[in-house]
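Here is how the chains run, residue by residue.
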Amino acid sequence: MTQREFLDTLKRALNGQVPPHVVTENLHYYDTYIYEEIGKGRLERDVMEELGDPRLLARTIIDAEESSRTSRRRQSSMYADVYEEDEGSSYGEPVRGAFHLNKWVVFGVLFLILFLIGITLFFTFRAAFSILFSFRGVWVWAVILLIIYSLSRRR
């Protein structure tokens, strides 16, 4: 395989799978690498054998780009666009109506809800205990004891 065949095969394997700038960067990298190795006195055939199958290299580049994209998506803000690749759509087209919730926002909202429930329960029980253990509460206790006594007599 020649240098030109290697780069053409790599380009065909990457086109449509990764953004155009990634294709260009990798083609430039391998073109420069091969040129420099030949400049050092190595045979083109030896350099091509060392690099291996360009389709395998392309698969590695595609996997690395997908992993990088997934990592960036996780680090995005709460309402970031979600990018997916569907058949027939161009690379990196935003999916309408999709968003990610930031986990800290979710924790914050849950904490706020639990805090409000706790405050409500605190003041409700505080009011109930103040009535039950005050002078007016004697009548409440009397009614409660009367209800308990009447329920116990039914058996």
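**Topic: the nonpolar core**
Move 1: Among the nonpolar cores identified, the biggest contains 18 residues, and Phe 6, Leu 10, Leu 14, Tyr 30, Ile 34 and Leu 51 are the most heavily contacted of them.
Move 2: Put simply, the parts of the chain that give this core at least two residues each are helix H1 (3-14), helix H2 (20-39), helix H3 (44-51) and helix H4 (54-74).
Move 3: Considering every element that reaches this core, the biggest residue donor is H2, with six residues.
Move 4: Every residue in contact with Tyr 30, bar those within four places of it in the chain, is listed here: Phe 6, Leu 7, Leu 10, Leu 51, Leu 57 and Ile 61.

**A word on H1**
Move 1: With 12 residues, H1 extends 17 Å between its outermost C-alpha atoms, agreeing within 8% with the 16 Å of an ideal straight helix rising 1.5 Å per residue.
Move 2: Within the sequence span of H1, burial applies to Gln 3, Phe 6, Leu 7, Thr 9, Leu 10 and Leu 14. Along H1, the residues classed as buried sweep out an arc of 160° about the axis, all on the same side.
Move 3: The positive-phi residue at the C-terminal boundary of H1 is Gly 16, with phi of around 85°.

**Looking at the pattern of salt bridges**
Move 1: Tallied over the full model, the rule gives five salt bridges.
Move 2: A salt bridge links Asp 53 to Arg 55; its shortest N-O distance comes to 3.4 Å.
Move 3: Between Asp 63 and Arg 59 there is a salt bridge; the shortest N-O distance is 3.0 Å. Residue Asp 63 and its partner Arg 59 are located together in helix H4, separated by four residues, close to a single helical turn.
Move 4: One salt-bridge network, held together by shared partners, links Glu 37, Lys 40, Arg 42 and Glu 50.

**Remarks on the environment of Met 1**
Move 1: Relative to the assigned elements, Met 1 resides in the segment before H1.
Move 2: What makes Met 1 exposed here is its relative accessible area of 53%.
Move 3: Each C-alpha atom, one on Met 1 and one on Arg 45, is 6.9 Å from the other, the two residues being 44 residues apart in sequence.
Move 4: Ignoring sequence-local partners within four residues, the contact set of Met 1 consists of Phe 6, Met 48 and Pro 54.

**Side note on the side chain of Gln 3**
Move 1: As for its position among the elements, Gln 3 is in helix H1.
Move 2: Accessibility expressed as a relative area gives 15% for Gln 3, which makes it buried.
Move 3: Within the structure, the side chain of Gln 3 is placed 2.5 Å from the side chain of Asp 31, a separation counted as a polar contact.
Move 4: The contacts of Gln 3, once residues within four sequence positions are left out, are Asp 31, Ile 34, Tyr 35, Ile 38, Glu 44 and Met 48.

Rules of the game
Residues numbered from 1 in each chain as written. Predicted model: local features only at pLDDT ≥ 70, side-chain atom pairs only at ≥ 80, totals over all residues. Heavy atoms only, no water. Core = buried A, V, L, I, M, F, W, Y, C linked by side-chain atoms within 4.5 Å. Buried < 20%, exposed > 50% of the residue type's maximum accessible area, 1.4 Å probe, protein only. Helix = DSSP H or I, 4+ residues; strand = E, 2+ residues; numbered from the N terminus. Contact = heavy atoms within 4.5 Å. Expected span 1.5 Å × (residues − 1). Arc of directions from axis to C-beta. Salt bridge = Lys/Arg side-chain N within 4 Å of Asp/Glu carboxyl O. Polar contact = N/O pair within 3.5 Å; in protein donor to acceptor, adjacent residues only side chain to side chain.

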